[in-house]
Amino acid sequence: MTRRSPPGREREGLKPPRQLPLDATRFVNRKQTLTRLDAALPTDDGPIAAGLRPMTVATIAGAPGVGKTALAVHWAHRVRRWFTDGDLYVDMRGYGPGPVLDVGQALDTFLRALHVPAEQIPTDTDGRAALFRSVLNGKRVLIVVDNVSTVGQVRPLLPATPTCMAIVTSRSRLSGLVAREGASRMTLDVLTSEEAIALLSDSIGGGRVSAEPQEAAELARRCAYLPLALRIIGERIANSPHVTLAEFVADLALAEHQLDALAVDGDELSDVRAVFSWSYQTLPDDTARFFRLLGLHAGSDISVAAAAALTGVGLARARNLLDQLTAAHLVQNSSRDRYLFHDLLRAYALERAQAEETPAQQRQSRRRVYSWYLRMAEEGRKAILPHSHAVALPAGETGVALAPPRSVTEAMAWFERERLNLLDTVRQADDLGELDIAWQLPVVSDGFFELKSYWADWRDIHLTGLRAARSAGSRLGEAANLRCLGDAYWRMGQRETALDCYHRGVAASREVDDHWVEGFCLRGLGLIHEELGQTDEAMSLYGQAREVFRSHGITRGEGMSLLSLGNGHRARGDLDTAIAYYQQAVAILGSIDDHWSVAWASYPLGLAYQQVGRLDQALERHTHALELFRRFDDRRCEGLTLAALGDTHHAADQHEDAQRCWQQALQILDPLGDPHAGAVRSLLTGIGSGESI
C-alpha cells in the first residue's frame, strides 16, 4: 500500500483566490448589458439599484462566438475589487468535442482555491455543494461559471449569500435558474452592423473602412456579426495592408461557396466555417497542420511541451507556431506556456484533422502525446514516491525531450496543472482503444491523486484503468488498478468494496508474479481487519505480506509490514514486542532513505516508548517524526505528533511544554475536522482525563 495522503494545509493570511482570465482586448462596448450587470452587483444590503430584491445570479445567454465570455470576464474585472474575498472562474466545457467538466470536479477546485483542507472536502457532489455554500456564507466572492450547457451543470456552484454573485454564460437560456433561483437573464445578440464595423475598424484601421464602406459592411455580414469571427478576419486583413477589402470579400465568398455542402441543420459551425476556413487556408502548410493536430488533444487546454509532442515538432518550433496562431486569434494564450481553443475553433480544428489526416496519422499524433503524458507522470511518480509501484511502459517516442521534475514540489505542481488533461487523456485513450495507455497512466499517476486527496478522481481513474486492463487482457493491469482501487475505497470509507478489490488484486498479482502488488494488497486487507477489531486476522495478513516482501527484496514493503505488526502488538498490550518491530521498521526504511515512512514508524514507536515510561526516547522519536512530517507538509500527521509530544511532556511534568504542543496540535487538527481534535481540546480545558490520545 502506498503512503497515506497528507491533507491540505490551512494557513493564516493566505491571499484570496483571483482566478479570472485576462481581460478581453478590443472589447465591444455592450453598454446596456454592462449597465444591467452593474445594477445587479450586490451590496451588504442588496443590489445597488434601489428597489431590486437581493439577487446573486446573472446569466448571459447567446450564440457561440457572440462574446459571452468576453463580456462576463470584462465586467468581472471591472468590479473584482468589490469582492474582497476573491473571484473564482471555471469553464464547464458544456459545448465542444471533448467531455463536459463534472460539477463535482468544479466544486472540488473551488473549495481548494478557498483554502478548504482536502481532508474536509466530501466525495459526493451534494456534500461538496453544501460545504461550498457554507464556506461562502458572509463572504464577498464573485463566481464566473463559463460555458454551461444545462441548469444541472451549474446549480450546485451557486452561492446562497447575497454578498456573493455568480455570472453564468451559456448558449442555452437556462430558464430554470430564472424560475427557481430568480436569476437575472441577459441575452447577448450578435453585434449590430454599426458595432461590427466599429470592431472591424478597430482591428484594421478606420482609414481602410472609410475607403471601402460597402465592402466593410459586407465582410461584417459574412462574419454573421460575431465578434469571434470579426477578430479573426480583422487580424488577417490587418496583416495584408496592400490587399483591398473588395478582394477579401471575393475570397470569402469563394470559401463560402466551396463549403456549402458541409452546412447542415443544427451545425454550429455553419455560420463561421467559411471565416475559419478562409483564415485556415492562408496559414503556411506546417502551421495549418499544427493547428488541426491540436484538435486531436483530449483536453481543452494544452502546454507547449504537450503541443510539441502531439504535433511532432521541437519545443521552440511549437512555441513559435502557437504564437502565430495566437496572433491570428485561432488560439488563446491563457497563461504562461499554456494555450486553449474557443470551443468552435477546437471543433473546427478537429473537423480539419479528421478530413485531412489519415486514421493512422491521427493515431500516431495521439500516441505521441499519450506517451508524453505517461512518461512525464512516471517521472513525477519517481520524484514523489520513488519506492512506489513501477510498471514497464510501452516503447514509443514522445516527439519532445522530457523535462523531469527536480523536486517533489515541481512534480506535484506539474500534476496539478495537468490533472484534468490526465483525466481526459485516460478517458479518450479508453474510448479509442489505446488500452495500454488507459490502464498504465492511472497507475503511474496514482500517488498524486492520493496525496492531494482527489478521492473521486482517484477512484474513477482506476475504474477506467481496470476496465481497460480487462479489455486488453492484461492481468498485470488488473492487479495494479485493483490495488489502487482498494486504497481509494478504503480511504473513502467503503470497506467492503475495498476488501473485494484487495482480494481480487491478490489473485491477479499471483498469476503474474507481481509481488509488490500482492504484498500491499495483503497489507491493505490487514489494515481493514484491524479497523474492524479483528486483530488476529490482521496480524496474520501482515505476516503474510512481510514474508512476500522479504522473499523478494521489496524493502519498503517489509518496513511497512513491520510497522503494521508493531501496531498490532501494541493494540494487544505487548509493548516490548511492538517496540522491537517499530525499531526494525525505522532501521529498514531509513536504509532506503524513505523519510516519510521513517516518520510514520517513529510516531508509533514514540507512543510505545511513552506507554512503557521511556519518556526521553519518546520525546526523541516524536521530535524526529515532527521534523520529517513538516518537511513533507503532512499537516495531519504533524498535528497528531504534536498531540503525542504534549502527552509525553505532560507525563514528564513539563506542563508548559505540554500546553504549547497541545495548542499547536489543536490549531492544526481542528480545521481539518480530525476526530482527535476533541480529545486535545478536552486536555487543554481540563475537562478530559489527561490520558494519552
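Here the structure is a predicted model, which is why all the values come from computation and not from measurement.

Draft legend 1. Expanded view of the overall build of the protein chain. Counting secondary structure elements, the protein chain contains 31 helices and 10 strands. Computed over its C-alpha atoms, the radius of gyration of the protein chain comes to 29 Å, within 12% of the 26 Å expected for a compact globule of 693 residues. If one aligns the C-alpha atoms of the protein chain with their principal axes, the spans along those axes are about 95 × 65 × 40 Å. For the protein chain, the residues scored as buried account for 56% of the 693 residues in total. Counting only contacts in the protein chain whose residues sit at least 6 apart along the sequence, the fraction spanning at least 24 positions is 68%. Put simply, the protein chain shows about 27,800 Å² of open surface, and 49% of that area lies on carbon and sulfur atoms. One way to put it: in the protein chain the 75 positive side-chain charges average out to a point 2 Å from where the 87 negative ones average out.

Draft legend 2. Structural detail: the pattern of salt bridges. Under the counting rule described, the total for this entry stands at 49 salt bridges. Put simply, Arg 631 and Glu 627 hold a salt bridge, and the shortest N to O gap is 3.5 Å. Separated by four residues within a single helix, Arg 631 and Glu 627 lie in helix H28 (residues 615–631), roughly one turn from each other. Residue Arg 631 is classed as exposed on the basis of its relative accessible area of 52%. One salt-bridge network, in which partners are shared between bridges, spans Arg 289, Arg 292, Arg 352, Glu 356 and Glu 357.

Draft legend 3. Main features of the packing of aromatic side chains. In the structure shown here, the tally under the stated rule is 20 aromatic pairs. With 5.7 Å between their ring centres and 65° between their planes, Phe 276 and Tyr 348 make a pair best called edge-to-face. Here Tyr 348 lies in helix H16 (residues 343–356) and Phe 276 lies in helix H12 (residues 273–282), a separation of 72 residues in the sequence. Neither Phe 276 nor Tyr 348 differs from the other in exposure class; each is buried. When the ring of Phe 449 is compared with that of Tyr 454, the centres are 6.5 Å apart and the planes differ by 70°; the resulting orientation is edge-to-face. The residues Phe 449 and Tyr 454 share a single accessibility class, namely buried. Taken together through their ring pairs, the aromatic side chains of Trp 372, Tyr 373, Trp 414, Phe 415, Phe 448, Phe 449 and Tyr 454 make up a single cluster. The residue whose ring lies beneath Arg 112 is Tyr 454, and the NZ or CZ to ring-centre distance is 3.6 Å. Against the face of Tyr 454 rests Arg 419, its NZ or CZ located 4.1 Å from the ring centre.

Draft legend 4. Structural detail: the sheet that holds strand S9 (residues 332–335). The three strands lie next to each other as S8-S10-S9, forming an open sheet whose pairing is antiparallel. The open sheet is flanked by strand S8 (301–303) and S9, the only strands paired with a single partner. Strand-to-strand twist in this sheet, taken as the mean axis angle between neighbours without regard to direction, amounts to 40°. Sheet topology places S9 next to strand S10 (residues 338–340); three bridges connect them, and they run antiparallel. Residue pairing across strands places Ser 335 opposite Arg 338, the latter belonging to S10.

Draft legend 5. Region of the structure containing the sheet that holds strand S6 (residues 165–170). Spatially, five strands are ordered S4-S5-S6-S3-S7 in an open sheet, and the strand pairing comes out parallel. Two strands close off the open sheet at either side, each with one partner strand: strand S4 (87–91) and strand S7 (184–188). If you compare each strand with its neighbour and ignore which way they point, the axes differ by 15° on average. Direction of pairing for strand S3 (residues 57–62) relative to S6: parallel, over a ladder of five bridges. If you follow Val 57 over to S6, its bridge partner there is Ala 166. Packed on one face of the sheet, helix H2 (residues 68–79) meets S3, S4, strand S5 (142–148), S6 and S7 and runs near 165° to S6.

Draft legend 6. The nonpolar core, seen in detail. If you look at the biggest cluster of nonpolar residues, it comprises 119 residues, and the most contacted ones within it are Phe 291 and Leu 294. Ranked by residues supplied to this core, first place goes to helix H19 (residues 435–451) with 10 residues. Not counting residues within four places of it along the chain, the set of residues in contact with Leu 294 comprises Ile 302, Ala 307, Leu 310, Leu 322, Leu 325, Val 331 and Phe 341. Grouped together as the second largest cluster of nonpolar side chains are 72 residues, Leu 466, Ala 479, Tyr 582 and Leu 626 included.

Draft legend 7. Quick peek at the environment of His 503. The topology assignment puts His 503 in helix H22 (residues 495–511). Residue His 503 is classed as partly exposed on the basis of its relative accessible area, which comes to 47%.

Draft legend 8. Molecular detail of the confidence of the model for the protein chain. Confidence in the prediction for the protein chain averages 87 pLDDT; 92% of positions are at 70 or higher. The weakest mean pLDDT in the protein chain belongs to strand S2 (residues 46–47) at 45; the strongest belongs to H22 at 97. The low-confidence segment residues 46–54 (pLDDT under 50) makes 18 contacts with residues lying over four places distant or belonging to another chain.

Draft legend 9. Just the state of the cysteines, in detail. The final tally for this structure, using the stated rule, is zero disulfides. Here Cys 484 is not cross-linked by a disulfide; its sulfur's nearest cysteine counterpart is in Cys 521, at 8.8 Å. Its relative accessible area of 0% is what places Cys 484 among the buried residues. Not part of a disulfide, Cys 637 finds its nearest cysteine sulfur in Cys 661, a span of 16 Å. Taking the relative accessible area as the measure of exposure, Cys 637 reaches 6% and is therefore buried.

Draft legend 10. Seen up close, the packing of helix H27 (residues 595–611) against helix H29 (residues 635–651). Orientation of H27 relative to H29, taken along the N-to-C sense of each, is 20°, at an axis distance of 11 Å. As summarised for this structure, H27 and H29 are arranged roughly parallel, according to the angle between their axes. H27 and H29 meet at a crossing whose hand is left-handed. Where H27 abuts H29, its residues Trp 600, Tyr 603, Leu 607 and Gln 610 lie against Cys 637, Leu 640, Thr 641, Ala 644, Asp 647 and Thr 648. Classifying every residue of the contact of H27 with H29 gives six nonpolar, three polar and one charged.

Criteria and cut-off values
Residues numbered from 1 in each chain as written. Predicted model: local features only at pLDDT ≥ 70, side-chain atom pairs only at ≥ 80, totals over all residues. Heavy atoms only, no water. Helix = DSSP H or I, 4+ residues; strand = E, 2+ residues; numbered from the N terminus. Rg over C-alpha atoms; globule rule 2.2 N^0.38 Å. Buried < 20%, exposed > 50% of the residue type's maximum accessible area, 1.4 Å probe, protein only. Contact = heavy atoms within 4.5 Å. Areas by Shrake-Rupley, 256 points an atom, 1.4 Å probe, with all protein chains shown as cover. Lys, Arg positive; Asp, Glu negative; His and termini not counted. Charge placed at Lys NZ, Arg CZ, Asp CG, Glu CD. Salt bridge = Lys/Arg side-chain N within 4 Å of Asp/Glu carboxyl O. Phe/Tyr/Trp six-rings, centres within 6.5 Å; stacked < 30°, edge-to-face > 60°. Lys NZ or Arg CZ within 6 Å of the ring centre and 35° of its normal. Pairing = 2+ DSSP bridges. Axes fitted to C-alpha atoms, helices over the stretch in contact; angles between N-to-C directions. Core = buried A, V, L, I, M, F, W, Y, C linked by side-chain atoms within 4.5 Å. pLDDT = per-residue confidence, 0-100. Disulfide = S-S within 2.5 Å. Parallel < 35°, antiparallel > 145°, perpendicular 65-115°, else oblique. Left-handed = near helix turned anticlockwise from the far one by under 90°. Nonpolar A, V, L, I, M, F, W, Y, C, P; charged D, E, K, R; others polar.

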